[in-house]
Each structure stands twice: as structure tokens, then as C-alpha cells.
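# Topology and contacts: notes
In case you want the letters, here they are:
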Amino acid sequence: GGRRWAAFFVPRAAAGRRVPPPHVHPFAIVMNLSSLGWDDFFASAFQSHASSGLLPARVAVEHRHACVLLSAAGDFTATCTGRLLHDTLDRSSLPAVGDWVAIQPRAGSARADGTAQADIHAVLPRRSAVSRGAPGGNHLIQVLAANIDTVFLVTGLDGNFNLRRIERLLTAARASGAQPVVVLNKADLHPDSRAAEASVKAVARTTPVAILSAACDPDLAPLEPWLLPGATVAFLGSSGVGKSTLINRLLGADRLATGTVSAAVGKGRHTTTRRELMVLPGGALVIDTPGLRELQLGEADDDDLASVFDDIAALAARCRFHDCAHEAEPGCAIRAALNDGTLDRSRWESYRKLCREQAYAARRVDLQLARASRDAWKKIHRAYRQRCQFERDSE
């Protein structure tokens, strides 16, 4: 289990590399736990670690070999202990950006830049997490951001605008446990932005929709209701939708690189290359994520799909047969709605596609968990046999 992931978090002593400190806004140099999003939920989960003399810290940046942490005691560069790596069955359970962790600072490790080194002994339970199936078909779950209150699903009202992509983002967001908000950026580039907003509200259903232009609007007032002090928001969307531009506007400085969208294909290049938690001048915390070329459903289930497609779920409940396949069965409310135009056929096809992906992802995760459990028991039995052999040899 853990040995597989050790290469990702154990630093190479010979390399002599230093992990750069996180970008912290000048207005937020002095931090305390509550300003980092700490509350009773995490305090309760941390009680057993406090008795061991550990300190709480939050992951701001996740590098290949280490993490950059923010805490009330200052900033740390930290690596996971060998025991944590050994006891962890899969990569998704190791620290991700936004996670709260229990750390032990290393004595005498303070640096000139104000950071110090620490060891990560445990990852606290997550209240929410945006995840996806890791690219490459390796049957793993990738955590994009943890412990977020609101996830901004950003799409551009230019060549990027696609209702089916918004449905996919909504499904992933519903599975995260955070509140989704659809953000329609580049309103200045659409010939009828209000009509586009109405079409998004029709598929977003009860999810709030904010429309703005990061390049032209004097302020970003539509986002303010969710940017509360101590609240954590994450930006999610494909490349070129303007996530970095929006965050730069919120930060009040051009800290994140931005790029242009190709006129030929209507797609942007990756300008954000890592996930990072930053503190806004108003006290909210924001997690920037790289643009998504693909978003495979990670941990979405039937309830998440039903919440995004509640109109289809309501129609299915009216079918004559509870196990209706919505193909040729008599009394099928779905087929009737498709025939009379009440249900948009492209929305129905989008729902069916996401259902197939969700079912495949569930089977894939079950196989992964079964394999991890089998490997764990193999280690237990091997240790037991070795102990028995040692006792026999000692007699």
C-alpha cells in the first residue's frame, strides 16, 4: 500500500531542492486557525492528535515530494511520515490542497524566509472534496480540492459555452459535498448573454447562476455572497474560461499567469499548472485549479445525478413500471416527454451518458478497493506466518 506512494512524498536528499513558500497576500500575513477555515468539525477530529502534541495546519500547495502548509504557527514545508505512507491504501487519502493535517514541527528547521520543516502524521477527515477519475485509465481517484464550502463552476460565454459540460461539472460538484455555483464569465463576448443565462438556469435548476465579465466589469459583485471571511471556494472549469483572471481580480494583483484563447479551436492553454490555496484581502480562501481537459466522474452516485437531473428523476417516477428501461415499455413517462418535446432530447442523452460513466466509475472503484483490501490482508498473513516461524525457531 504505502510504499507505492512513498516516491511522491519522500524528498530526495541528494537533490537539495527547496519547496517554494505559498503565495500569501500581504493583507493576510498574520493568520489564525479560524481565518484558515478551522471550525468545530475539525477541532473535534483533531482532539486525539492534540493529546499527542501535534499541531493543525492546512495544505496550501501540493508538490510532488512535499506539501506547503499554512498554520497559526507559521508556514511549513512538510512531508508525510513513513507510517502514514505505509498505512495509506490509496493516493486519494494522502494530503491534498485544502486538507487539514496533524504535524510535528522539526526542531531547529526555521529558515530565513520564515518557513520551517515539519512531518505530517495524519490527514483529518474531509468535510467535502472535489474529485475525479484520474486521467490515464489507472483506476485511481484524484482529489482536486478538499474542505471547500463553495465550488465555482466557471464557463466562458464564448467558444467554450456548452450546456452538456455544465451538467457534467454540476454532477461532479454535487458529489463533492460543497455548494455549486455556476459562473458565466465573458458576458461581453456573447451576443445575447441574458438568453444564455436563461438556458443555463434551465439545466442548473436550483443551483445559483452568476453572470459577469472579469475583463470588463468594474467589480465582481455577483460572487460576493460566497466570499465570506474564513470560507473556502474553489474554481473549476476548462482551460481558457478565465479562472486565473477572476482570481487575480479578487486578489487585487496579477499574481496568476493568464493566457489567450485560440480563435481557431476556441480553447485555452494551461496557464495554471498546480492547485494552490490563497487568502483573499477580504478574508475568504480560494483554491485555483488547472484547467480540466477531461472530467471523469470520480465519486458521483445515483443521488448526485438525480439532484442535477431532478426533472428526469421526477418523470421516471411516473413510469408505469418501477424498473422501466425507458426504451419501448408501455406507460413510459420519459418516452412520452421526449415525444411531446417536454424533455429535451440532448439533455436526456447527456443524462444517459453520465449514468453509464457513473456505473463504470463505481465498478472501477470497487475493484480498486477490493484489491487494496486483499493486499492489506496479504501483509497481515505474511507477518503472522513470519511471527510463527520465529517462535518455532526460538523453541
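Every value quoted in this text rests on a predicted model; they were computed, and no experiment measured them. (Residues numbered from 1 in each chain as written. Predicted model: local features only at pLDDT ≥ 70, side-chain atom pairs only at ≥ 80, totals over all residues. Heavy atoms only, no water.)

Among all residues except glycine, the phi angle is most often negative; among peptide bonds, the trans geometry is most common. A positive phi angle, near 65 degrees, is found at Lys 186, a position not held by glycine. Considering the arrangement of structural elements, one finds Lys 186 in the loop between β9 (179-185) and α5 (193-204). Of note in this structure, His 326 is not a glycine but carries a positive phi near 60 degrees. With respect to the helices, strands and loops of the structure, His 326 is situated in the loop between α8 (310-316) and α9 (333-340). (Helix = DSSP H or I, 4+ residues; strand = E, 2+ residues; numbered from the N terminus.)

A word on the pairing of strand β3 (residues 74-80). Across the seven residues of β3, five count as buried, placing the element largely inside the fold. Pairing of strand β2 (residues 67-71) with β3 involves five bridges; the strand directions are antiparallel. When the bridges of β3 are listed, Val 68 appears paired with Thr 77. (Buried < 20%, exposed > 50% of the residue type's maximum accessible area, 1.4 Å probe, protein only. Pairing = 2+ DSSP bridges.)

The tendency in soluble globular proteins is for nonpolar side chains to be buried as a group. Core analysis: the biggest nonpolar cluster contains 56 residues, and Ile 148, Val 151, Val 182, Leu 184, Ile 334 and Leu 343 have the highest contact counts within it. If near-sequence neighbours (up to four positions away) are discounted, Val 182 is found in contact with Leu 153, Ile 166, Leu 170, Val 200, Ala 204, Thr 207, Pro 208, Val 209 and Ala 210. Ranked by size, the runner-up nonpolar core spans 22 residues in total, among them Leu 220, Leu 227, Phe 235 and Val 286. (Core = buried A, V, L, I, M, F, W, Y, C linked by side-chain atoms within 4.5 Å. Contact = heavy atoms within 4.5 Å.)

Within the span of helix α2 (residues 40-50), buried status applies to Phe 42, Phe 46 and His 49. Within α2, the buried residues cover an arc of 25 degrees as seen down the axis, which keeps them to one side. Opposite the buried face of α2, at more than 90 degrees from it, the exposed residues are Asp 40 and Gln 47. Where α2 is buried, its residues meet β1 (55-62), β4 (100-105) and β5 (115-123). The residue sitting at the N-terminus of α2 and contributing the capping side-chain oxygen is Asp 39; that oxygen lies 3.1 Å from the backbone nitrogen of Phe 41. (Arc of directions from axis to C-beta. Polar contact = N/O pair within 3.5 Å; in protein donor to acceptor, adjacent residues only side chain to side chain.)

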